[in-house]
Amino acid sequence: MDFQDILQQFNLEDNDWQFIAQQELLGGHINNTYQLETQQGEQVRRYVLQRINVNVFKQPVQLMENIRHVTNFVRVKLDEGAAPGQSTLTVYPTHDGQDYHIDADGGFWRCYQYVENSYSPQEPTETDAYRAGHAFGTFMSLLNDFPAEQLHETIPGFHNTAARYEHLQQAIANNAAGRLHEVTEEIAFAQARKEDCSKLLDLCAAGEIPTRVTHNDTKLNNVLFDKTTQQAKCVIDLDTIMPGLALYDYGDALRFLGNTAREDERDINNVQFSMPLFEAYTKGYLAAARDALTPAELAMLPFSIKLMTLECGMRFLTDYLNGDTYFRIHYPDHNLVRCRTQFKLVREIEARLGDMEAFIASLA
Ligand code: GN1
Ligand code: MG
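Residues numbered from 1 in each chain as written. Chains lettered and ligands numbered in written order. Predicted model: local features only at pLDDT ≥ 70, side-chain atom pairs only at ≥ 80, totals over all residues. Heavy atoms only, no water.

1. Brief notes about the overall build of the protein chain
Our working definition: Helix and strand assignments follow DSSP, with helices taken as H or I runs no shorter than four residues and strands as E runs no shorter than two, numbered in order from the N terminus. To get the radius of gyration, use the C-alpha atoms; to get the globule rule, take the number of residues to the power 0.38 and multiply by 2.2 Å. Note on exposure labels: buried denotes an accessible area under 20% of the residue type's maximum, exposed denotes more than 50%, and partly exposed covers the range between, all computed with a 1.4 Å probe on protein chains only. Contacts between residues were defined by any pair of non-hydrogen atoms, one from each residue, lying within 4.5 Å.
When its secondary structure is counted, the protein chain shows 11 helices and 10 strands. What you see for the protein chain is a C-alpha radius of gyration of 21 Å, in line with the 21 Å of a compact globule of 364 residues. The buried share of the protein chain, reckoned over its 364 residues, is 53%. A fraction of 74% describes how many contacts in the protein chain between residues 6 or more apart in sequence connect residues 24 or more apart.

2. A closer look at the state of the cysteines
Note the following rule: Only a pair of cysteine sulfur atoms within 2.5 Å counts as a disulfide in this structure description.
Applying the stated rule across the entire model yields 0 disulfides. With no disulfide of its own, C204 has C197 as its nearest cysteine by sulfur position, at a separation of 16 Å. No disulfide involves C339; its sulfur sits 9.4 Å from the nearest other cysteine sulfur, which is in C312.

3. Some points on the packing of aromatic side chains
Test applied: Between 30 and 60 degrees the pair is tilted, below 30 it is stacked and above 60 it is edge-to-face, where a pair is any two Phe, Tyr or Trp rings, Trp via its six-membered ring, whose centres lie within 6.5 Å. Two limits define a charge over a ring: the Lys NZ or Arg CZ must be within 6 Å of the ring centre, and within 35 degrees of the ring normal.
A complete count under the given rule lists 15 aromatic pairs for this structure. Ring geometry for F278 against F359: centres 5.7 Å apart, planes inclined by 65°, an arrangement best described as edge-to-face. Placement of the pair is F278 in helix α8 (residues 275-289) and F359 in helix α11 (residues 334-363), with a sequence separation of 81 residues. Here F278 and F359 have matching classes, each one buried. Here the aromatic residues F3, Y34 and W109 are joined through ring pairs into a cluster of three or more. For the cation-ring pair, R193 lies above F189, with the distance from its terminal atom to the ring centre recorded as 3.7 Å.

4. Quick notes on the site of ligand 1
Selection criterion: Nearness of a residue to a molecule or strand requires only that one of the residue's heavy atoms be within 4 Å of it. Throughout this description, a polar contact denotes any pair of N or O atoms lying within 3.5 Å of each other; where both atoms belong to protein, one of them has to be capable of donating a hydrogen while the other can accept it, and for residues adjacent in sequence the pair is counted only when both atoms sit in side chains. To be clear on the numbers: accessible area is Shrake-Rupley with a 1.4 Å probe, and residue cover counts the displayed protein chains and nothing else.
Neighbouring ligand 1 are 15 residues; D217, K219, E263, R315 and Y326 lie closest to it. The separation between an oxygen atom of ligand 1 and a polar main-chain atom of I30 is 3.4 Å. The separation between an oxygen atom of ligand 1 and a polar side-chain atom of R315 is 2.7 Å. If ligand 1 stood free it would expose 440 Å²; the protein chains cover 95% of that surface.

5. Brief notes about the sheet that holds strand β8 (residues 223-226)
Condition: Should DSSP find at least two bridges between two strands, the strands are regarded as paired.
Across the sheet, 3 strands lie side by side as β6-β8-β9; this open sheet has antiparallel pairing. The strands lining the two open edges of the sheet, one partner per strand, are β6 (118-119) and β9 (232-235). Sheet analysis places β6 next to β8, joined by 2 bridges and oriented antiparallel. Its bridge partner being in β8, S118 is matched across the sheet by D226.

6. Description of the pairing of strand β1 (residues 18-25)
As defined by bridge partners, β1 adjoins strand β2 (residues 32-40) across 7 bridges and the pair is classed as antiparallel. Counted as the bridge partner of L25 is T33 from β2. Linkage of β1 to β2, two consecutive antiparallel strands, is achieved through a turn of 6 residues.

7. With respect to empty space enclosed by the protein
Keep this limit in mind: The definitions used throughout rest on a 1 Å grid laid over the protein atoms alone, on which a cavity is an enclosed set of points accommodating a 1.4 Å probe that cannot get out and a pocket is an open set flanked by protein within 12 Å on both sides along at least five of seven lines; lining residues are those having an atom within 4 Å of a point. Grid points are joined across faces, edges and corners, and a volume is the space filled by probe spheres set on the points.
Enumeration according to the criterion identifies 2 cavities of 30 Å³ or more in this entry. What the largest cavity holds in volume is close to 70 Å³. Taken together, V74, L78, Q86, S87, T88, A135, T138, F139, L142, C234 and V235 form the lining of the largest cavity. Here the lining of the largest cavity gets 4 residues from one element, more than from any other, and that element is helix α3 (residues 126-142). The computed volume of the second largest cavity comes to approximately 50 Å³. F136, G137, M140, T218, A246, D249 and Y285 together form the lining of the second largest cavity.

8. Quick word on the coordination of the magnesium ion (ligand 2)
Inclusion rule: For Na, K and Ca the donor cutoff is 3.2 Å, while for all other metals N, O and S atoms must lie within 2.8 Å; water is not among the atoms, so some sites may look incomplete.
For the magnesium ion (ligand 2), the full set of protein donor atoms is D217 (OD) and D237 (OD), and the range of their distances to it is 2.0 Å. Here the residue D217 occupies a position in the loop between β7 (212-214) and β8, and D237 occupies one in the loop between β9 and β10 (242-244), the gap between them amounting to 20 residues.

9. Comments concerning the environment of A288
Inspection of the secondary structure puts A288 in helix α8. Not counting the four nearest positions on each side in its chain, A288 is found in contact with H134, G137, T138 and S141.

10. Some thoughts on α3
Formally: One less than the residue count of a helix, multiplied by 1.5 Å, gives the span that helix is expected to have.
For α3, built from 17 residues, the straight-helix expectation of 24 Å at 1.5 Å per residue is met to within 8% by its first-to-last C-alpha distance of 24 Å. In this fold, the buried residues of α3 make contact with α2 (60-79), β7, β8, β9, α7 (246-257) and α8.

11. Here's the deal with the confidence of the model for the protein chain
For clarity, the threshold we go by: Think of pLDDT as the predictor's per-residue confidence, scored from 0 to 100.
Predicted confidence across the protein chain gives a mean pLDDT of 96, with 100% of residues reaching 70 or more. Helix α10 (residues 301-322) holds the highest mean pLDDT among the elements of the protein chain, 99, whereas β1 holds the lowest, 93.

12. Quick notes on the layout of surface pockets
Picture a little ball the size of a water molecule; that probe, rolled over the atoms, points out where space is still empty. Defined as follows: Any residue outside Ala, Val, Leu, Ile, Met, Phe, Trp, Tyr, Cys, Pro, Asp, Glu, Lys and Arg is labelled polar, Gly included; the first ten of those are nonpolar and the last four are charged.
Space inside the second largest pocket adds up to approximately 340 Å³. Of all elements in the fold, only α4 (161-174) and α10 reach the threshold of two or more residues within the lining of the second largest pocket. Here the residues of the lining of the second largest pocket are counted per class, giving 8 nonpolar, 7 polar and 3 charged.

13. Here we look at the pattern of salt bridges
Stated formally: When a carboxyl oxygen of Asp or Glu is within 4 Å of a side-chain nitrogen of Lys or Arg, the pair counts as a salt bridge.
Tallying each qualifying case throughout the model produces 20 salt bridges. Two residues, D196 and K306, come together in a salt bridge whose shortest N-O distance is 2.8 Å. Of this pair, D196 sits in the loop between α5 (184-191) and α6 (199-205) while K306 sits in helix α10, placing them 110 residues apart in sequence. The partner of R352 in a salt bridge is E348, and the shortest N-O contact between them spans 3.4 Å. Here E348 and R352 lie together in helix α11, a separation of 4 residues that amounts to about one turn. Taking relative accessible area as the criterion, R352 reaches 25% and is therefore assigned partly exposed. Relative accessible area serves as the criterion here: at 13%, E348 is assigned to the buried category. The network of salt bridges with shared partners includes R193, D196, K199, K306 and E350.

See below:
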């Protein structure tokens, strides 16, 4: 892949630059991400070049339009001083003013400014958790008056857990990869929780919880921290910004952050749910977002963690049954390992729902 050639398509600060280095960033499961370094006069500048996975994101042009709208909207508010210390992603246009470049093989590329002096915590402390919660809560509040009708639903039903359950049933019926006999226990686990899958959808349909503009992929590594201040400063990975529920973002964040092990830990004995990290994240989130939330949303916070974890586990299981066509894997049973960590975590969360509810009530 000639990264230099692709970078040349974008209108960077200075068009007279020398290519220095490239490095693949391997964190995500969907897109291909590369960090590129250039020399511009005295300055070294870094960029993030991403090839969007168009098998997953079937409407990449609309996806970029969403990102353009949202980052412009957030930038205006930040410039007005709405959230000191926060920044947002910067998309570079191409020389002909597009937000993307399509290469000769049909590869769909975009270019972001690299967020300098940043990191994402690998073993988050309670302080990190509080700050991540505050950053995602702030992000939601900043988008509270964003005109949601301007957003394209680039993956319809992304967090529609009932639909995800049906996808799993289809995968079971098809047994495309011939793996059904390996996952009897996991299937029974999901089927025993079928009724949970429609709970938030029903509350939404009944008008008890509102649709908002949500991030939909609030893993801890989607918020960057500042190396100097250790504050959370930039919410990234805006690919799934769509109309959704605040509870999806809150629940998904704790699905990831609350897990004491990695998302693909093979030894499920290491997979536990951390109450201290839950408490810290929740405090930070509510400090920023409480005023925007309705009583029904507040009441469902603990349940949303369970639901998002169950949903993610079902998605990994579905992909395993389908023969790994969606998530990038690094070994043959990777999706099964991921599914098992999620289902173990669901059990852990179920055992702590009452404690979590009591904690949230104690904050009121
Ligand atoms: C995918 O690619 P990444 O890491 O941002 C997935 C999320 C899952 C996550 C599980 C578009 O996110 O929904 O929660 O993996 N993104 C998409 O780690 O499906
Ligand atoms: Mg993502």
